[in-house]
Amino acid sequence: MCLACRNQAKAEAARDEIVRRTPGAEVDVLSLDLSSFEHIHRFATDLAARHERVDALINNAGASPLKQQFTVEGFELQFGANYLGPFLLTHLLLPQLRLAAEQTGDARIVHVASVAHNIGRIDPDTFRGRSKYRPFPAYAQSKLANLMFNFALARRLPDGLSTHAMHPGGVDSDIYRELPRPVHAALRPFLISADRAGRLGTELALSPEYRDRSGEYLTAQRPNPVSRRARDVAAQEALYAESAVLAGVEPLTRR
Ligand SMILES: NC(=O)c1ccc[n+]([C@@H]2O[C@H](COP(=O)([O-])OP(=O)(O)OC[C@H]3O[C@@H](n4cnc5c(N)ncnc54)[C@H](OP(=O)(O)O)[C@@H]3O)[C@@H](O)[C@H]2O)c1
């Protein structure tokens with residue numbers, strides 16, 4: 001297992017916890033900052049040098065800053081780091097994922113999207129920032145893009161390599177760290193544990209139940225509506241093509 005994280009101290013603490021709970025587990029920690037294309041390329045090179053094969057990639061990282069921030073390449077941070085960074089990373093890891101699919105017949109990609117995609121709109125004029133920044137529409141756009149990428153990717157991957165998207169539920173995690181305390185306190189009773197949310201991600205990556213499925217969107221907490229915008233195939237294709245240009249990767253052709 002490889003933990004790809006920007007904060008090495010937190011990553012090492014997580015590794016220690018995994019090893020404590022699962023003695024003998026082999027856990028590699030590598031540095032990855034999804035807000036920099038250069039960093040993502042460096043991570044992919046480091047990973048390729050250490051692991052010939054990738055059986056499952058879980059694109060989980062996400063941020064939701066209340067003030068507008070930007071990636072190194074000048075994208076609004078939520079579009080850039082929640083969506084475009086994982087888009088680039090996924091394409092860079094395809095050789096190792098394909099090898100796993102060829103050797104085992106079962107390699108998987110998991111995208112952590114959100115029910116918040118329902119209020120999202122894909123607006124290319126905001127990819128590099130908003131003159132009036134509001135954090136939630138920016139977050140919702142990034143999560144809508146995660147989901148649309150899942151659908152577009154499912155039309156492109158070879159047999160044995162599947163893609164799955166999930167809503168983890170409203171999760172009691174650090175993502176709400178910037179909310180005012182009373183708002184957070186009001187929200188908490190409705191949130192589920194990170195363990196429960198993480199279980200779905202693990203199942204999508206490993207369980208035989210999802211082995212021969214691809215392009216689905218599952219949830220750890222109902223309801224889980226899928227917006228009309230997310231299901232729009234022409235919009236998925238347009239976003240996929242534009243993202244490939246922005247991330248500087250060769251687009252995959254449809255099967
Ligand atoms: N919590 C919810 O209710 C909820 C609901 C729907 C969807 N989600 C999604 O679930 C996923 C996990 O979020 P969470 O709730 O567990 O929040 P979290 O506790 O804040 O975890 C997010 C993780 O993403 C990492 N991250 C953020 N920006 C990064 C970057 N540029 N490069 C590398 N790593 C980065 C953070 O790293 P640091 O540790 O260094 O900060 C953190 O470990 C996200 O995709 C989020 O959108 C969450």
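Source: prediction; values computed, not measured.

Section: the site of the ligand
Lining the immediate environment of the ligand, one finds 27 residues, of which K10, Y139, V171, S173 and Y176 sit closest. At 2.6 Å from an oxygen atom of the ligand is found a side-chain nitrogen or oxygen belonging to K10. One nitrogen or oxygen atom from the side chain of D33 is found 3.1 Å from a nitrogen atom belonging to the ligand. For the ligand, whose unbound accessible area comes to 880 Å², protein coverage reaches 86%.

Observations regarding the packing of helix α2 (residues 37-50) against helix α3 (residues 77-92)
Where α2 meets α3, the closest approach of the two axes is 10 Å, and the angle between their N-to-C directions is 30°. When the interaxial angle is binned, α2 and α3 end up roughly parallel. Seen from above, α2 lies across α3 with right-handed handedness. Within the contact between the two elements, α2 uses F37, I40, H41, F43 and A44 and α3 uses L84, G85, L88, L89 and L92. Tallied by class, residues from the contact of α2 with α3 come to eight nonpolar, two polar and no charged.

Brief notes about the packing of α3 against helix α4 (residues 94-104)
Packing of α3 against α4 leaves a shortest axis separation of 5 Å and a crossing angle of 50°. One element, α3, and the other, α4, form an angle in the oblique class. Side by side, α3 and α4 meet where T90, H91 and L92 of the first sit next to L94, P95, Q96 and L97 of the second. Of the residues in the contact of α3 with α4, the class split is four nonpolar, three polar and no charged.

Digging into the packing of aromatic side chains
For the structure shown, the criterion picks out ten aromatic pairs. Aromatic side chains Y83 and F87 sit 5.9 Å apart centroid to centroid with 55° between the ring planes, which places their arrangement in the tilted category. Of the two residues, Y83 and F87 both sit in helix α3, four residues apart, roughly one turn of that helix. Y83 sits in the buried class, given a relative accessible area of 1%. Considering the side-chain rings of Y83 and F149, the 6.4 Å spacing of their centres and the 80° angle between planes classify their relative orientation as edge-to-face. With Y83 in helix α3 and F149 in helix α5 (residues 135-154), this pair connects stretches of sequence that are 66 residues apart. Taken together, the aromatic side chains of F37, F75, F79, Y83, F87, F127, F149 and Y240 make up a single cluster linked through ring pairs. In this structure, R128 packs its charged tip against the face of F75, placed 4.1 Å from the ring centre.

Rules used in this analysis
- Starting afresh in each chain, residues are numbered from 1 along the sequence in its written order.
- Reporting in this predicted model follows two pLDDT cut-offs: at least 70 for local features of residues, and 80 or more for side-chain atom pairs to be given and counted; totals over whole chains, interfaces and linings ignore these cut-offs and use all residues.
- Hydrogens and waters are ignored; side-chain quantities use all the structure's heavy atoms.
- Any residue with a heavy atom positioned within 4 Å of a molecule or strand is treated as near that molecule or strand.
- Each polar contact in these results corresponds to two N or O atoms within 3.5 Å; when the atoms are within protein, one needs to be able to donate a hydrogen and the other to accept it, and residues that are neighboring in sequence are counted only if both atoms are side-chain atoms.
- Per-residue and other accessible areas were derived by the Shrake-Rupley procedure at a 1.4 Å probe size, with only the shown protein chains allowed to occlude residues.
- Note on definitions: angles span 0 to 180 degrees between N-to-C directions of axes, and those axes are lines fitted to C-alpha atoms, for helices only across the stretch in contact.
- Runs of H or I in DSSP of at least four residues are treated as helices and runs of E of at least two as strands, each being numbered from the N terminus.
- Here the angle decides the label: under 35 degrees means roughly parallel, over 145 means roughly antiparallel, 65 to 115 means roughly perpendicular, and every other value means oblique.
- In a left-handed crossing the near helix is turned counterclockwise from the far helix by less than a right angle, and in a right-handed crossing that turn is clockwise.
- Whether two residues are in contact is decided by their heavy atoms: any pair within 4.5 Å suffices.
- Any residue that is not Ala, Val, Leu, Ile, Met, Phe, Trp, Tyr, Cys, Pro, Asp, Glu, Lys or Arg is counted as polar, Gly included; the first ten are nonpolar and the last four charged.
- Each Phe, Tyr or Trp ring (for Trp, its six-membered ring) is paired with any other whose centre lies within 6.5 Å, and the angle between the two planes then decides the class: stacked below 30 degrees, edge-to-face above 60, tilted in between.
- Exposure classes here rest on a 1.4 Å probe applied to the protein chains alone. A residue is buried below 20% of its type maximum, exposed above 50%, and partly exposed in between.
- To sit over a ring, a charge needs its Lys NZ or Arg CZ within 6 Å of the ring centre and within 35 degrees of the ring normal.

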